4 protein chains.
Amino acid sequence: MDEGAPPRRIRWGMVGGGRGAFIGEVHRRAARLDDGYELLAGALSSDPERARLSAQDCRIAPERAHADYAAMARAEAARPDGIEAVSIVTPNHRHHAVAKAFLEQGIHVICDKPLATSLADARDLVALARARNLLLGVTYNYSGYPMVRHARDLVRGGAIGRVRMVQAEFVLGWLSTALEAEGAKQAEWRTDPAQAGPSGVVGDVGTHAFHLAQFVTGLELEAVSADIATFVPGRRLEDNATMMLRWRGGARGAIWASMVAAGETVGLRLRVYGETGHIAWDQSYPDDLQVRPLNGEAHVLARGGKLSPAAKAATRLVAGLPEGFFEAFANLYRDYASIITALREGTPPPEPIAPTGEDGVAGLAFVEAVLNSARRDGAWVRPT
Amino acid sequence: MDEGAPPRRIRWGMVGGGRGAFIGEVHRRAARLDDGYELLAGALSSDPERARLSAQDCRIAPERAHADYAAMARAEAARPDGIEAVSIVTPNHRHHAVAKAFLEQGIHVICDKPLATSLADARDLVALARARNLLLGVTYNYSGYPMVRHARDLVRGGAIGRVRMVQAEFVLGWLSTALEAEGAKQAEWRTDPAQAGPSGVVGDVGTHAFHLAQFVTGLELEAVSADIATFVPGRRLEDNATMMLRWRGGARGAIWASMVAAGETVGLRLRVYGETGHIAWDQSYPDDLQVRPLNGEAHVLARGGKLSPAAKAATRLVAGLPEGFFEAFANLYRDYASIITALREGTPPPEPIAPTGEDGVAGLAFVEAVLNSARRDGAWVRPT
Amino acid sequence: MDEGAPPRRIRWGMVGGGRGAFIGEVHRRAARLDDGYELLAGALSSDPERARLSAQDCRIAPERAHADYAAMARAEAARPDGIEAVSIVTPNHRHHAVAKAFLEQGIHVICDKPLATSLADARDLVALARARNLLLGVTYNYSGYPMVRHARDLVRGGAIGRVRMVQAEFVLGWLSTALEAEGAKQAEWRTDPAQAGPSGVVGDVGTHAFHLAQFVTGLELEAVSADIATFVPGRRLEDNATMMLRWRGGARGAIWASMVAAGETVGLRLRVYGETGHIAWDQSYPDDLQVRPLNGEAHVLARGGKLSPAAKAATRLVAGLPEGFFEAFANLYRDYASIITALREGTPPPEPIAPTGEDGVAGLAFVEAVLNSARRDGAWVRPT
Amino acid sequence: MDEGAPPRRIRWGMVGGGRGAFIGEVHRRAARLDDGYELLAGALSSDPERARLSAQDCRIAPERAHADYAAMARAEAARPDGIEAVSIVTPNHRHHAVAKAFLEQGIHVICDKPLATSLADARDLVALARARNLLLGVTYNYSGYPMVRHARDLVRGGAIGRVRMVQAEFVLGWLSTALEAEGAKQAEWRTDPAQAGPSGVVGDVGTHAFHLAQFVTGLELEAVSADIATFVPGRRLEDNATMMLRWRGGARGAIWASMVAAGETVGLRLRVYGETGHIAWDQSYPDDLQVRPLNGEAHVLARGGKLSPAAKAATRLVAGLPEGFFEAFANLYRDYASIITALREGTPPPEPIAPTGEDGVAGLAFVEAVLNSARRDGAWVRPT
């Protein structure tokens, strides 16, 4: 092979993400954008006929199309050309079992968030991946945006001084009415405890906001005081949550998560205030990072401009040509590919920027603390 | 007098607001904009020489320039052409005594916020004004913006359905360092318990955000859970507060107040979410009101466009020609003038839109509840 | 009089601006904001009864209320306490005669734009004012915005290098239909050659854009190539104009003026590009000035921030508390007041920032060149 | 093949776009996003070693990697599994010869803009493609943005009434200095007449703005009056152009194209004004379309919201999750794929939305008219 040849594409499989699914297609496009993965096997649905048709859509060979993820894990592990990594895009309650099956077969795992529906299950997966020296990626995908990574480098590098306040929110409007009672499958998954786990909006999107806050600041949660509510009659999980946070080292802040914020589309916003300025980022305009110093003029940093190396590495186009959701998601896949490739070749893997199992555990610990606080009328609760 | 002649200007005095003061000059400009007041008397400073020079600046006749507000109240009440109304723009701790002195002389009072430094004092003034049938205005001036008044009419009129969440913030960056230790007088007033009262940032600007939320929604506070902090070493009052709110009838929300939000100038923002949409308003761009329905497209209502009668009455220029802070403040003065004129002429005064003593009481009750909650580690506290 | 006493208010009169007028009230509010003028005389309407009632509205004494401006000029000049300055807010076609009448009586003139309806008339007034050593102000009011003045200081001070391109536009939507045929008086004035002069939208608002471009850059027009159109059937003056400009020294650019830009309110926007960056300003958000360097990050300069002395002097509030149209207009009145006061006291008047007769002449020369170019199918025409 | 199976991927080749090239990689990513093309052959560079390495980067088999595009065209045409379509991403001056070579071999062509460097050459290609019933796509890629397509449907569907004015600009800052003299290859291509053709910035980006205006409005150019300039000393082609346009049917407008607009990144903006409102779009925030009616409130249409079928078909994510430049580019590839597939299968191809040869011809006619007008001092010139 010539010098400079691109690394072999990663042999890759997928569980979940069959016809009609949203997030599975996102993972596939993200993987395709940089051409680092080759989709070769799948258990795209637990329904055999749907699994077969979905595999055909994805040009997966019939003999590598499964309905049973466990059978797939075994079959792929047995092939000399079996998949090296699998992405899991099933409903939440199946994440743990599926991830475990593949990790046990020595196959790297990229799991959609949440990593599991209980903290114990999440910790179980982290221990397993560590023991096997396997990648366990968790797709908190908003951390893939270049300007989020630049914000991280700014904040952690001291550009706004010691952090004092962190304000984050992830608010959606689409579940302002009882769509789950009208047969909307995406709505059902998010409001049915059997599929979503014990939390509604906090687990679904509050964890994204929480991860983003941690990702950018590097802070760890000290305690949370929460007020949750269920506004839509008949809904079985909370659909709105106000959370006050105390971070270790003294910073304070709040996170608001809602699926009943009527009129919002994808309202993910983060602001971090330090002693000497603040940064603000809004997912709907991801190429811009607002930086407002205490003394000096507000300015806007643009994706493609003079960025930190990590942010620069996450951008594909000059400033002014917009990148978006798929490109950010692809940055996680690119990060995971470089880890998998390094492990394949026995070289030291790069320090992961993209989130991994530890982030998945932190997310579940956050959810549990929030639910505990809410049950105790807003008492301050530390994550366990 | 001819039909259509303008009403006689209100004979007007001022306590506080001498040379170097900020807010006194704002009140004078606001009163002047619509030419409804004539400044005739003042106790602009308690220092006699400064009082004299300040009165001269304002073209007040020497014999009506005082250093002692009580003397001024007596003297003006004794004149046949004495002032009808007085504005109080002293530091907070003197509001109660000054207002009382003028109300007792039968003179209408327009008081800068907070109405007093204790809830009891505030209630005392309201009772006194009511007993004498006098105006007791409290200048929560942000309620004077036309688009805030339009938001009020939209929300109270049901345009976004029943209110579910209210998110407000008033965050400033200018006290991110210990300016009060460097002799900055404006900083001292806001951080010295003797002048500001028991609260720092909550009383100073949190009450503006709280008033705005009430003004627009018409909701009453049920309980608050608060987390306050003092970030700047040596500071004697809280400089940051995160507050979760429960409103009567079931709405939830949060208010964030800060004077250490480095990089913010005047960050007053309100969002109200109802069952069918939300509205958003930012004081820095006051002519725009964002309206985002659950079903339908986001739009921007502009000052000067098709507004509710109350909003229309509060605007002086066509859409696209910006109005600002002075014009909003002037709307309060205009409202107060119509009340004073009606009382003078024995006609029924209009329903006040501009805030009055009751709003001042609600603000102090809010502050007390916040401080109580913070003392009790965030317990939910009802206002008394 | 004590040291530090404010200067005596300027004794002031007005021609035009009676009941129902828009711009007269703007001038009065602008003059009042800083309390530098005292309105003592007026010929607010040529209709005697309307003149009388309008004067009463403005608290002008009956003996100083006129219907005939010439009589007013003579009467005021004859009084020992006669007005020192007059503002002219009549329809355009009367500006010259009215201004002349007052200048000839030794009274300073502040004239709404355009200074006249012909270039010759405008030059006549400038010569007369110069001969009498009188102020001849012309209210190109947008030059009063603080951030426009800061832009001027930046651009003229070299912050963006030598200017290469200037893009300006002043576009309105309100005359997208034939409102003048429905009896709208404001529409009639702007589309009737007898009142507006030979130009419609170019004279009405194109001149504002042109003045702003000159004001900020200091450049002089070399030649213009224009394409004008009348879109609304039956309209008698042009309602849309596209203009390419060449500036002395090599800069290029364009101005677009329209009153049929449906959906625009007051679309006045200026961008100036130099060798090393550009600035952009939008009248609807006047407190912000965008500065975008060639190398470096885009930033936003806010009114109230660190501004040039001229810009600082034009601002009354801290950054974040919005000022608007009245405040900008008041800055012209404040500038004129300092000139009038200096002339009164025999001290050297300050270098005028606010526009004067020369700017009025340049505006009319621009209009004439545009109309000539349009008549010659877009040939490049130099102003005479 | 099962019902619902995806169509076979198009066998695809590329000329140009080797190591270090920008636009070739954009085409490849765009093609990959929807997985409709399989890159099998290439003449990615005319340098043999660079061609070989670049092909290896793209996983092209060595026997299908060429340095000579003509040899590639012949070889692929001779293979039973030869490519069906080729993309041309060479410098402009080679577009015509390369496209001709492939069309003559019966291979569909997707050509980056401009289609050629002369109008005659462009017409030659259109005639050839028509004669052979082949696709000749021209990647005016900004027409791929969903909100541009929605704007097209709104405007052509009468939502803003008959069009009166069209204002467009495409302005860049990166060539504000003589980068071409410092060895920057991208700069050389755009300023060297031998490679770029007779026009600099008008051909490079002015044509994008012109195409966008035509694409959205459906109007045809009647005549243009232009003023071009070369600001950077030593530059051999124009780097700034102001153009006034008259459109058939009476609409007017202007286009500004610049590569010396210091501080701009990719300033592509379009506004279309009709009798009853206007629309505005800015490429840097492509998911938003501003719609401002004459009567009614300004609103923002978001990608993913309630869009026209054509716009909906061009979007992959819900509103609020941003799409960008690659996705828009991919929409052209998706359009071309459906045409190629239809032609392959003998079914009627869909009406092309993505631009084709005719648009390429219109672009060159525009450039020629602009250059003619500029040579004649701005005379109005009709396209031939």
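If you're wondering where the values come from, they're calculated on a predicted model, not measured in any experiment.

### What to know about the relation of the copies chain D and chain A
The relation between the two copies of this chain is a rotation about an axis and a shift parallel to it.
Logical step 1: By a simple turn and slide, chain D fits onto chain A: the slide is 0.0 Å along the axis, the RMSD is 0.0 Å, and the turn is 180°. Here the symmetry operator amounts to a two-fold rotation axis.
Logical step 2: Most of the interface of chain D is mirrored in chain A: 100% of its interface residues are interface residues there too.

### What to know about unusual backbone geometry
Logical step 1: For the bond from Lys113(A) to Pro114(A), the omega torsion is -5°, close enough to zero to count as cis.
Logical step 2: Its location among the elements puts Pro114(A) in the loop between strand S4 (108–111) and helix H5 (119–132).
Logical step 3: A positive phi angle is found at Arg59(A), which is not glycine, with a value near 60°.
Logical step 4: Among the structural elements, Arg59(A) can be located in the loop between helix H2 (48–57) and helix H3 (69–78).
Logical step 5: Phi at Asn133(C) is positive, roughly 55°, even though this residue is not glycine.
Logical step 6: Examined against the element boundaries, Asn133(C) turns out to sit in the loop between helix H5 (119–132) and strand S5 (136–138).
Logical step 7: Given the relative accessible area of 55%, Asn133(C) is considered exposed.

### Some remarks on the nonpolar core
Logical step 1: Grouped together as the largest cluster of nonpolar side chains are 168 residues, with contacts concentrated most on Tyr37(B), Met243(B), Phe366(B), Tyr37(C), Met243(C) and Phe366(C).
Logical step 2: Counting residues in hydrophobic clusters, the runner-up holds 167 residues, among them Ile60(A), Trp281(A), Ala209(D) and Tyr333(D).

### Here we look at the domain arrangement of chain A
All names here are of chain A.
Logical step 1: Split by domain assignment, chain A resolves into domain 1 (10–138) and domain 2 (145–314 + 361–375).
Logical step 2: For domain 1 and domain 2, the distance between their C-alpha centres works out to 27 Å.
Logical step 3: Taken together, the contact between domain 1 and domain 2 spans 13 residues of the former and 15 residues of the latter.
Logical step 4: Taken together, both faces of the contact between domain 1 and domain 2 bury some 1,200 Å²; the carbon and sulfur share is 63%.
Logical step 5: There are one salt bridge connecting domain 1 and domain 2.
Logical step 6: Notably, a salt bridge pairs Lys113 with Asp204, separated by 3.8 Å at the nearest N-O pair.
Logical step 7: One can count four residue pairs in polar contact (both at pLDDT 80 or more) joining domain 1 with domain 2.
Logical step 8: Split by residue class, the side of domain 1 that touches domain 2 holds seven nonpolar, four polar and two charged.

### Description of the interface of chain A and chain B
Logical step 1: On the side of chain B, 44 residues touch chain A, which itself brings 44 residues to the contact.
Logical step 2: Around 3,200 Å² of area is buried between chain A and chain B when both sides are counted, 55% of it from carbon and sulfur atoms.
Logical step 3: Counting the surface chain A buries against chain B, the share from its top three residues, Arg164(A), Asp227(A) and Met244(A), is 19%.
Logical step 4: Between the two partners, chain A and chain B, sit 10 salt bridges.

### Quick look at the interface of chain D and chain A
Many structure descriptions define interface size as the accessible area lost when the parts assemble.
Logical step 1: Every contact between the two is made by 41 residues of chain D and, on the other side, 41 residues of chain A.
Logical step 2: Interface area for chain D against chain A, summed over the two sides, is near 3,500 Å², with a carbon-plus-sulfur share of 54%.
Logical step 3: Its largest share of buried area at the contact with chain A, chain D owes to Arg32(D), Arg59(D) and Pro322(D), together 18% of the area lost on that side.
Logical step 4: At the junction of chain D with chain A, the criterion picks out five salt bridges.

### Concerning the packing of aromatic side chains
Logical step 1: Applying the stated criterion to the full structure yields 58 aromatic pairs over all chains.
Logical step 2: Summarising the aromatic geometry, the rings of Tyr333(B) and Tyr336(B) are spaced 6.4 Å apart at their centres and angled 80° between planes, so their arrangement reads as edge-to-face. With Tyr333(B) and Tyr336(B) both in helix H11 (residues 325–345), this residue pair falls three residues apart, about one helical turn.
Logical step 3: Exposure remark for Tyr336(B): the relative accessible area of 0% places this residue in the buried category.
Logical step 4: Measuring from centroid to centroid gives 6.4 Å for Phe329(D) and Tyr333(D), while their planes differ by 25°, and the two rings are stacked. Taken together, the positions of Phe329(D) and Tyr333(D), both in helix H11 (residues 325–345) and four residues apart, correspond to about one turn of that helix. For the pair Phe329(D) and Tyr333(D), one class covers both residues: buried.

### Focus on the pattern of salt bridges
Logical step 1: Inspection of every chain in the model, using the stated rule, returns 137 salt bridges over all chains.
Logical step 2: Among the ionic pairs, Glu323(A) bridges to Arg316(A), the shortest N-O distance being 3.5 Å.
Logical step 3: Residue class for Glu323(A) comes out buried when judged on its relative accessible area of 4%.
Logical step 4: By relative accessible area, which is 13% here, Arg316(A) ends up buried.
Logical step 5: With a closest N to O distance of 3.0 Å, Glu220(C) and Arg248(C) form a salt bridge. One end of the pair, Glu220(C), is in the loop between helix H9 (201–217) and strand S7 (221–229); the other, Arg248(C), is in the loop between strand S8 (240–247) and strand S9 (252–258), with 28 residues separating them in the sequence.
Logical step 6: In this structure, a network of salt bridges that share partners links the residues Glu25(A), Arg28(A), Arg29(A), Asp34(D), Asp287(D), Arg303(D), Arg316(D), Glu323(D) and Arg334(D).

Calculation rules
Residues numbered from 1 in each chain as written. Chains lettered and ligands numbered in written order. Predicted model: local features only at pLDDT ≥ 70, side-chain atom pairs only at ≥ 80, totals over all residues. Heavy atoms only, no water. Least-squares fit on C-alpha atoms with pLDDT ≥ 70 in both. Contact = heavy atoms within 4.5 Å. Helix = DSSP H or I, 4+ residues; strand = E, 2+ residues; numbered from the N terminus. Buried < 20%, exposed > 50% of the residue type's maximum accessible area, 1.4 Å probe, protein only. Core = buried A, V, L, I, M, F, W, Y, C linked by side-chain atoms within 4.5 Å. Domains from an automatic or database assignment. Buried area = accessible area lost by both parts, 1.4 Å probe. Salt bridge = Lys/Arg side-chain N within 4 Å of Asp/Glu carboxyl O. Polar contact = N/O pair within 3.5 Å; in protein donor to acceptor, adjacent residues only side chain to side chain. Nonpolar A, V, L, I, M, F, W, Y, C, P; charged D, E, K, R; others polar. Phe/Tyr/Trp six-rings, centres within 6.5 Å; stacked < 30°, edge-to-face > 60°.

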